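Coordinate inspection notes
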Amino acid sequence: MKIGLCGTMSVGKTTLVNALKERPEFKDYMFRTERSKELMAQGIPLNTDSTLKGQTVFLSERTSELMVENIITDRTIIDVMAFARASKSMDWNDKEAFEEYAKRFLKEYDYIFYVSPVGVEMEDNGIRETNID
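A brief report on the enclosed structure follows. (Residues numbered from 1 in each chain as written. Predicted model: local features only at pLDDT ≥ 70, side-chain atom pairs only at ≥ 80, totals over all residues. Heavy atoms only, no water.)

Some thoughts on the overall build of the chain
Under the convention used in this document: What counts as a helix is a DSSP run of H or I of at least four residues, what counts as a strand is a run of E of at least two, and both are numbered from the N terminus. Contact criterion: two residues are considered in contact whenever any of their non-hydrogen atoms come within 4.5 Å of each other. Working definition of accessibility: Shrake-Rupley area with a 1.4 Å probe, residue cover restricted to the visible protein chains.
What the chain contains, in helices and strands, is five helices and four strands. Listed N to C, the secondary structure of the chain is β-α-β-α-α-β-α-α-β in terms of helices and strands. A separation threshold of at least 6 residues defines the contact pool for the chain, and within that pool the share at least 24 residues apart is 70%. Total accessible area computed for the chain in this model is approximately 8,000 Å², and 52% of it derives from carbon and sulfur atoms.

Right, dumping it as structure tokens:
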């Protein structure tokens, strides 16, 4: 089963995935959490600074996860599409084409759970976009 959590930064997706690792019901699952620090260290722009190439790297990571039979991940293709939309460097046509391509993979998830930011205080970890607007 392919299970993804989606939502804005700092709402507890990674914390939830890490808690599920401890549950015996998920002993046969692979768990993936966001690799922002590693990608940033490689020079891949993140958040609203992201580029078409950067978003393509993120999409590649998410689609590679969908090749695993049993996986729980703290990011989904929906998140990649949202960051592409928020990118300041991608033009409208690239955003539209990227989203249309990315949407093709959504049906491969068995479940996608949205984690709401309502009532959650954003924590600045040096990577996250902290502008609430």
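With respect to the nonpolar core
This is how it is decided: Take the buried residues of types Ala, Val, Leu, Ile, Met, Phe, Trp, Tyr and Cys, join any two whose side-chain atoms come within 4.5 Å, and each joined set is a nonpolar core. Relative accessibility decides the category of a residue: with a 1.4 Å probe and only protein chains considered, values under 20% of the type maximum give buried, values over 50% give exposed, and everything between is partly exposed.
Core analysis: the biggest nonpolar cluster contains 15 residues, and F58, L59, L66, I77, V80, F98 and A102 have the highest contact counts within it. Here this core gets four residues from one element, more than from any other, and that element is helix α4 (residues 77-86). Residue contacts for L59: discarding those within four places in its chain leaves I77, V80, F98, Y101 and A102. Residues V11, F26, Y29 and F31 belong to the second largest nonpolar core, which totals ten residues.

Observations regarding helix α5 (residues 92-103)
We count it as follows: By definition here, a helix of n residues has an expected span of 1.5 Å times n minus one. Here, the arc refers to the directions that run from the helix axis to the C-beta atoms. Any pair of nitrogen or oxygen atoms within 3.5 Å is treated as a polar contact; in protein, a donor-acceptor pairing is required on top of that, and neighbouring residues in sequence qualify only through side-chain atoms on both sides.
With twelve residues, α5 extends 17 Å between its outermost C-alpha atoms, agreeing within 8% with the 16 Å of an ideal straight helix rising 1.5 Å per residue. Every buried residue of α5 is accounted for by K95, F98, E99 and A102. In an axial view of α5, the angular spread of the buried residues amounts to 100°, which keeps them on one side of the axis. Buried positions along α5 lie against α3 (52-65) and α4. The opening residue of α5, the one whose side-chain oxygen lies 3.1 Å from the backbone nitrogen of N93, is D91.

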